[in-house]
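Architecture and fold: a report
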Amino acid sequence: MTRNSHLSDHRLIEVCFDAVPTAAENLHFNTCDRCSARRSRLQRLLREVSDAASVEVDQLFPPQRLATHRARILHRIDQNSRPGRVIAFPTAHASDGRPLRTRPATRWIAGAAAAGLAVGMLAGHLVRDLPGGRTQRRPAIRTAAKPTHPPAFRAGLLSDEEFLGQIENALDGPDLAVLRPLDDLTPR
Amino acid sequence: MVAAEIKALVLAGQRDAARDLFAELVVGQQRRAIRLAYQYLRDPHDADEAVQDAFVKVFTHITTYREDMPFEVWFTRILVNGCLDLRKARFRRLRWVLPIEASEATAAADVAGGGRSVEDTLVTQARLREIAAAVDQLPERQRSVFVLCHFGDQTTTQVSQILGLSEATVRVHLFRAVHRLRRLLER
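Residues numbered from 1 in each chain as written. Chains lettered and ligands numbered in written order. Predicted model: local features only at pLDDT ≥ 70, side-chain atom pairs only at ≥ 80, totals over all residues.

Helix and strand counts for chain A stand at ten helices and zero strands. If you list the helices and strands of chain A from N to C, you get α-α-α-α-α-α-α-α-α-α. By residue count, 10% of the 188 residues in chain A fall in the buried class. (Helix = DSSP H or I, 4+ residues; strand = E, 2+ residues; numbered from the N terminus. Buried ≥ 20, exposed ≤ 12 C-beta atoms within 10 Å, placed from the backbone.)

Spelled out as structure tokens, the structure:
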């Protein structure tokens, strides 16, 4: 209660909901018209709100619908209590004589990819192993460029036949300048 | 009390007996549950679904029920959480959809023709809409507390257990909700 002994709004709401009024408050309600009217007004408002909700729900959920609703709840509970049904593997398709159909597009794509890989690897090997291949040609150029030293330096190390063979090779080649020292040694 | 019996039956492996007893419990709680769910969701189909889910969940998890808590509190907590989840899901689903007042129209059509005059029906309908709109205008917490206290027939102590709030907070929200409703409806 407040200082002028009337019930506060807060307490009045509590009393209208679930709080039990004290003996002093009951006495006050009996003697104070103002608080009694406040309580009546609040109770009326709450009843109206409650009735409005009840009317709405009653209209939306008639007994028939509630019964159906209950049946559905129990049905779901019964469904939940049953063990899970195991579905057999569909073997019937294989035994009915028709060929099993897989997706052709997938098969074609996989086949084409495998064939492409095999052809690519084969081509790679062929290109590398052929005599005219790029990888073979380079060392050949390197060995042809090597004999730039004058044959005079190597003449003492070679047999006569080898020496003459080198001379013949040099005569067949384009660069005759390398033969100049031999020509100088030759008596005229 | 009935819930404790159902739990004992399930634990004893007497599932059929538990199911029959649960059917009685559904009869006792169904109307209150529907009323609560409808206040939260404002759609009869959603309310229907939420209440069904709550009852099925209760039976499925009955073995986890603690007897030191009133069954109504446990059940209401499950129901309210389900309603809030459903409302969130609906909000996400209908974010870009224009609302159609179908349920209101259906309700109006249903209420009309109850043996009263057209004027009475219209006045009642207008007042019903006004009250529903006023409750809908309450902020989330206030609305929740008011709905549980007033439509769910729960005490403030029980509501504090259901919502996980202190009892003082529940009382403050209830006080503010009633004040606001008064302002909106007593004009």
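Don't stop here, the text continues.
Tallying secondary structure elements over chain B gives nine helices and zero strands in all. The order of helices and strands in chain B, counted from the N terminus, is α-α-α-α-α-α-α-α-α. Classification of the 187 residues of chain B by burial places 34% in the buried group. Counted over contacts in chain B with a minimum sequence separation of 6, partners at least 24 positions apart contribute 60%. (Contact = placed C-beta atoms within 7 Å.)

On to the interface of chain A and chain B, then. Counting from both sides, the interface comprises 28 residues of chain A and, opposite them, 38 residues of chain B. With twelve residues, helix H3 (residues 33-60) of chain A is the single largest residue contributor to the side of chain A that touches chain B.

Here the focus is the packing of helix H4 (residues 63-81) of chain A against helix H2 (residues 15-41) of chain B. Contact pair H4 of chain A / H2 of chain B: the axes reach a minimum separation of 11 Å and the direction vectors enclose 150°. By the angle between their axes, H4 of chain A is roughly antiparallel relative to H2 of chain B. Crossing of H4 of chain A against H2 of chain B: the hand is right-handed. Contacts from Leu66, His69, Arg70, Ile73, Leu74, Ile77 and Ser81 of chain A of H4 of chain A reach H2 of chain B at Arg15, Arg19, Ala23, Val26, Val27 and Gln30 of chain B. Across the contact of H4 of chain A with H2 of chain B, the residue classes tally to seven nonpolar, three polar and three charged. (Axes fitted to C-alpha atoms, helices over the stretch in contact; angles between N-to-C directions. Parallel < 35°, antiparallel > 145°, perpendicular 65-115°, else oblique. Left-handed = near helix turned anticlockwise from the far one by under 90°. Nonpolar A, V, L, I, M, F, W, Y, C, P; charged D, E, K, R; others polar.)

The biggest cluster of nonpolar side chains holds 60 residues, and the ones touching the most others in it are Ala37, Val51, Leu79 and Leu174 of chain B. For this core, the leading source of residues is H2 of chain B, giving ten residues. (Core = buried A, V, L, I, M, F, W, Y, C linked by C-beta atoms within 7 Å.)

Caution is warranted with low-pLDDT regions, since their predicted coordinates should not be read in detail. Residue and element names in this part refer to chain A. When the pLDDT values of chain A are averaged, the result is 77; 72% of them are 70 or greater. Here helix H7 (residues 134-145) stands out as the least confident element of chain A, with mean pLDDT 48; H4 is the most confident, with 91. This model gives residues 139-146 a pLDDT under 50, and the stretch forms zero contacts once residues within four places in sequence are excluded. (pLDDT = per-residue confidence, 0-100.)

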